[in-house]
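# Descriptive structure summary
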Amino acid sequence: MASRTPLMAGNWKMNLDHLQATQLVQKLDWTLKDAEHDYGAVEVAILPPFTDLRTVQTLVEGDKLSLVYGAQDLSPKDEGAYTGDISGAFLAKLGCTYVTIGHSERREGHGETDELLNEKIQAAYRHGLTPILCCGEALEIRKEGRQVDHVLGQIEADLAGIPVEQVRTIVIAYEPIWAIGTGEVATPEDAQEVCGAIRGKLAELYDEATAAGIRILYGGSVKSSNVSEIMGKPDVDGALVGGASLKADEFAKICGFETA
Ligand code: 13P
């Protein structure tokens, strides 16, 4: 079985300006240092708003912090007359490691289609960014028991034509929409069912070794009190954390889930 380094990624969404970002990054760094966090054992990433990224870069590079960071979205284009969009080239210049693609808040709120997300994945790879590709079903789909088919359909469409050399580094985040920001956490079995099926799909689309190396995260109301149980499942390799990543103490506890 491939060893996959767990990833705990904090999606700040549209929260915290660049001054508040400084405070949170510093507090998170101290808290993790106090807890003697082993970044080699559990990778820690933050995904702040675009306007915070330069500040985060300065802190991380200036103080040689071990956490990594990324953006919450990118343009499928590289440059030009695309008002309001942000190029992957700019994110790469800011030292971003990751970029979230296809969060349900963009699929639903901004009408982002699988075709567009496929272009965004290609754009991320053109600029050396690692996509965190999000997928997940709405409540009606789960009620009908179609969550696995729905999510696998998203994965297949979003990854169409992405070559194996690139997909090896991708991170996939399974986030059931009904569990996001609701306090309604999927059971560890619910998370495993879909994360395991995603890995099976990756093996079918690529090969077993590739599928075994890809990290699959769970997201949706993850907290320090429920993270260990979810992380106990064989196909869950980390968490994409919203609300709980805005508090340094709580997010640090999530990052130290093995000792929680
Ligand atoms: P919450 O952790 O606030 O439920 O958000 C999950 C999420 O959408 C992370 O991307």
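You'll find the structure just up there.
The structure contained in this document is the topic of the report that follows. Source: prediction; values computed, not measured. (Residues numbered from 1 in each chain as written. Predicted model: local features only at pLDDT ≥ 70, side-chain atom pairs only at ≥ 80, totals over all residues. Heavy atoms only, no water.)

### Some remarks on the site of the ligand
Neighbouring the ligand are 13 residues, the closest being Lys13, His103, Glu175, Gly181 and Ser221. Asn11 places a polar side-chain atom, nitrogen or oxygen, 2.9 Å from an oxygen atom of the ligand. Glu175 places a side-chain nitrogen or oxygen 2.9 Å from an oxygen atom of the ligand. With the chains in place, 94% of the 310 Å² that the ligand exposes on its own is no longer accessible. (Near = heavy atom within 4 Å. Polar contact = N/O pair within 3.5 Å; in protein donor to acceptor, adjacent residues only side chain to side chain. Areas by Shrake-Rupley, 256 points an atom, 1.4 Å probe, with all protein chains shown as cover.)

### Remarks on the pairing of strand β1 (residues 7-11)
Each regular strand carries side chains that alternate between the two faces of the sheet. Extensive coverage of β1 is indicated by the burial of 5 of its 5 residues. The two faces of β1 match: Leu7, Ala9 and Asn11 on one face and Met8 and Gly10 on the other face are all buried. Here β1 pairs with strand β2 (residues 43-47) via 5 bridges, running parallel. Residue pairing in the sheet places Gly10 in a bridge with Ile46 of β2. (Buried < 20%, exposed > 50% of the residue type's maximum accessible area, 1.4 Å probe, protein only. Helix = DSSP H or I, 4+ residues; strand = E, 2+ residues; numbered from the N terminus. Pairing = 2+ DSSP bridges.)

### What about the pattern of salt bridges?
Pairing of side chains with opposite charge becomes possible as their charged atoms draw close. As enumerated under the stated definition, the model contains 20 salt bridges in all. The salt bridge partner of Arg146 is Glu144, with a shortest N-O separation of 2.8 Å. On the basis of relative accessible area, Arg146 is assigned to the partly exposed category, the value being 40%. Taking the shortest distance from any N to any O, the salt bridge between Asp235 and Arg199 comes out at 2.5 Å. With Asp235 in the loop between α11 (227-231) and β8 (238-241) and Arg199 in helix α9 (residues 188-205), this residue pair connects regions lying 36 residues apart in the sequence. Through salt bridges with shared partners, a single ionic network connects Arg4, Arg199, Asp235 and Asp237. (Salt bridge = Lys/Arg side-chain N within 4 Å of Asp/Glu carboxyl O.)

### Quick look at the packing of helix α5 (residues 114-126) against helix α7 (residues 147-158)
Put simply, α5 and α7 touch, their axes get as near as 8 Å, and they point 50° apart. Judged on the interaxial angle alone, α7 and α5 are oblique. Of the residues in α7, those touching α5 at Asp114, Leu117, Asn118 and Ile121 are Gln154, Ala157 and Asp158. Among the residues forming the contact of α5 with α7, the class breakdown is 3 nonpolar, 2 polar and 2 charged. (Axes fitted to C-alpha atoms, helices over the stretch in contact; angles between N-to-C directions. Parallel < 35°, antiparallel > 145°, perpendicular 65-115°, else oblique. Contact = heavy atoms within 4.5 Å. Nonpolar A, V, L, I, M, F, W, Y, C, P; charged D, E, K, R; others polar.)

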